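# Architecture at a glance
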Amino acid sequence: YDVIIFKHCFPVSKISDDDNNPDINSKLKTLANYKLQYDALREKLHQFPHTKFIVWTGPALTESQTTIEEAKRASHFYNWVREVWDIPNDNIELFDFRAIETEGGLFLRQDFAINKDDPHPNIKASKIAAELLAKKIIEVLEGTNR
């Protein structure tokens, strides 16, 4: 395959307090564990330099489905993925889904959610994301994404 796409489901944004015991194999959803796991993922993906990978940024939750602390940790992780983890000019591209659905906020925009208690994107958000994802795939395939 020329392009492989990875997508998270929204539970990735339920990030717990760090337990001061980072462990790549832990099932605890902490910032430290996520960072170790993402670093290992990047290292593995770099072993396939002729394959392009598109990694979706983690989706946000609705305000009623998370706490402010979890939302801040999810935002911190999202920013770390974009600003630190993502290396320019490698074989990994980000599809910035979180930016689409939050427009810079901590939560999924209410008008983009199925409803306040369901953080799945609705038709409006899905149409926007689908168009941008198709564009991203074409850019990656044509090498015009950077």
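Our subject is the structure that appears above.
Before going into details, it helps to say that this report is about the structure given with it. (Residues numbered from 1 in each chain as written. Predicted model: local features only at pLDDT ≥ 70, side-chain atom pairs only at ≥ 80, totals over all residues. Heavy atoms only, no water.)

### As for unusual backbone geometry
- Even without glycine at this site, N89 takes up a positive phi of about 65°.
- Tracing the sequence through the fold places N89 in the loop between α2 (68–85) and β3 (92–95).
- A positive phi angle, near 50°, is found at E103, a position not held by glycine.
- Here E103 shows up in the loop between α3 (97–102) and β4 (113–115).
- Its relative accessible area of 55% is what places E103 among the exposed residues. (Helix = DSSP H or I, 4+ residues; strand = E, 2+ residues; numbered from the N terminus. Buried < 20%, exposed > 50% of the residue type's maximum accessible area, 1.4 Å probe, protein only.)

### Quick look at the sheet that holds strand β2 (residues 52–56)
- Here we have three strands laid out as an open sheet, ordered β1-β2-β3, and parallel in their pairing. Two strands in the sheet have a free side with no partner beyond their single neighbour: β1 (3–6) and β3. Within this sheet the neighbouring strands show an average axis-to-axis angle of 25°, counted without direction.
- Running over the sheet, helix α1 (residues 31–45) touches β1, β2 and β3 and is turned about 160° from β2. (Pairing = 2+ DSSP bridges. Axes fitted to C-alpha atoms, helices over the stretch in contact; angles between N-to-C directions. Contact = heavy atoms within 4.5 Å.)

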